[in-house]
Each structure stands twice: as C-alpha cells, then as structure tokens.
Amino acid sequence: ELTRDEAKIAQTAKSMATLADRNLFDALKQIFTPTVIVDYTSAFGGEVSTVKREDLMNNWEALLPGFDVTYHDLTNIDIEQTGNKAEVNADIVASHYIGKDGFWQISGSYTFEMKKTDSDWQISSLTLNADDEIGSREVLGQAIEAAKAK
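How each quantity is defined
- Residues numbered from 1 in each chain as written.
- Predicted model: local features only at pLDDT ≥ 70, side-chain atom pairs only at ≥ 80, totals over all residues.
- Heavy atoms only, no water.
- 1 Å grid on protein atoms, 1.4 Å probe; cavity = no way out; pocket = protein on both sides within 12 Å on 5 of 7 lines; lining within 4 Å.
- Points joined across faces, edges and corners; volume = space filled by probe spheres on them.
- Helix = DSSP H or I, 4+ residues; strand = E, 2+ residues; numbered from the N terminus.
- Nonpolar A, V, L, I, M, F, W, Y, C, P; charged D, E, K, R; others polar.
- Pairing = 2+ DSSP bridges.
- Axes fitted to C-alpha atoms, helices over the stretch in contact; angles between N-to-C directions.
- Contact = heavy atoms within 4.5 Å.
- Phe/Tyr/Trp six-rings, centres within 6.5 Å; stacked < 30°, edge-to-face > 60°.
- Buried < 20%, exposed > 50% of the residue type's maximum accessible area, 1.4 Å probe, protein only.

*Asks:* For the layout of surface pockets, give the residues involved together with the corresponding values.
*Replies:* Looking at the largest pocket, its volume works out to about 520 Å³. Counting only elements with at least two residues in the lining of the largest pocket, the list comes to helix 1 (4–21), strand 2 (49–52), helix 4 (53–61), strand 4 (85–98), strand 5 (102–117) and helix 5 (138–149). Considered class by class, the residues forming the lining of the largest pocket number 19 nonpolar, 4 polar and no charged.

Right, dumping it as structure tokens:
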C-alpha cells in the first residue's frame, strides 16, 4: 500500500508522461522544479544539462506536437522516499508516430529525482536510461518541421 506521499510521487511521474503525450505544456511545467537536471545522454550522447523548466517545455513543445501520436508508457514505478526527497525509477516505452509509416520507439527506464514543495512533488532531475529502440529516428526531424507548421 502506498503512503499519501508515495501516491503523489507516482502521480507526478505518470503525469509527466500523460501531459507530454497530450501536449499540455503549461500543466506539465508545474510538475518540474524551476531548474531541472536533464540527462538523455544514453540515447543521444552530449552532456547532462541543467535547464530552466520553461526552456525544457519550449524544447518539448518544438517537437512533441509535430507527432500524430506519442505514447509514453510508464510502468513498474519504484519509489525511495526520504523526507522531502524521493528517487523514482520506472520502466518506459515511448512510442512516436507520424505520417503513414513514421514510427520510432525507445525503451528503457527513467530515474527521477523529486522534491516536495508545499503539498506537491516536483521533478528536479530526469534521466533516461535507454536500453533499446526500434523504428527510425528520422521521425524526430519530421516532427520538428511539423510542429513549426502548427
């Protein structure tokens, strides 16, 4: 049985996936701390970055609405909470669809660091631990172009 805080923590993790899939960026922004550590290096290389949540939303808003559908399926949520901090690990299968045949799916896990603020939990760090992918990353460029047109 989850504690009240664990339920809010799990809700925050699930909300990230659902709100991103629904392109609800104003609501999505609220579940992140003002600055966020983002680590997608396992999938895309580069460096771990610390960004303002507004910049993170702008990055996602320049990509995700260009897809016809995205579905971030977050499962097996494991929560380690200590006071006002929590580490959350969850499996992720992220599917991206565009056009007739455009498809890319990446799977692995997310590691979230969360902090309690007032009565809510916010994500302060997001790490993608990529394990596998199928389809073509070409859809990413297509989605960026399609998002510009919307």
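There's plenty left to go through after this.
*Asks:* Quick one: what's the story with the sheet that holds strand 1 (residues 32–39), residue by residue and with numbers?
*Replies:* If you walk across this open sheet you meet the 6 strands as 2-1-6-5-4-3, and the pairing is mixed. One side of each edge strand has no neighbouring strand; the edge strands of this open sheet are strand 2 and strand 3 (69–82). Neighbouring strand axes in the sheet, compared pairwise and without regard to direction, differ in orientation by 20 degrees on average. Where strand 5 lies against strand 6 (residues 120–135), 14 bridges are found, and the strand directions are antiparallel. Looking at the pairing, methionine 114 lines up with isoleucine 123 of strand 6. Contacts from helix 1 reach strand 1, strand 3, strand 4, strand 5 and strand 6 within the one sheet, and its direction differs from that of strand 3 by about 160 degrees.

*Asks:* Which residues make up the packing of aromatic side chains, and what values do they have?
*Replies:* Tallied over the full model, the rule gives 4 aromatic pairs. A centroid spacing of 5.8 Å and a plane angle of 75 degrees characterise the contact between phenylalanine 32 and tryptophan 60, whose relative ring orientation is edge-to-face. Pair noted here: phenylalanine 32 is in strand 1 and tryptophan 60 is in helix 4, with a separation of 28 residues, a long-range link. In this pair, the class of phenylalanine 32 matches that of tryptophan 60, namely buried.

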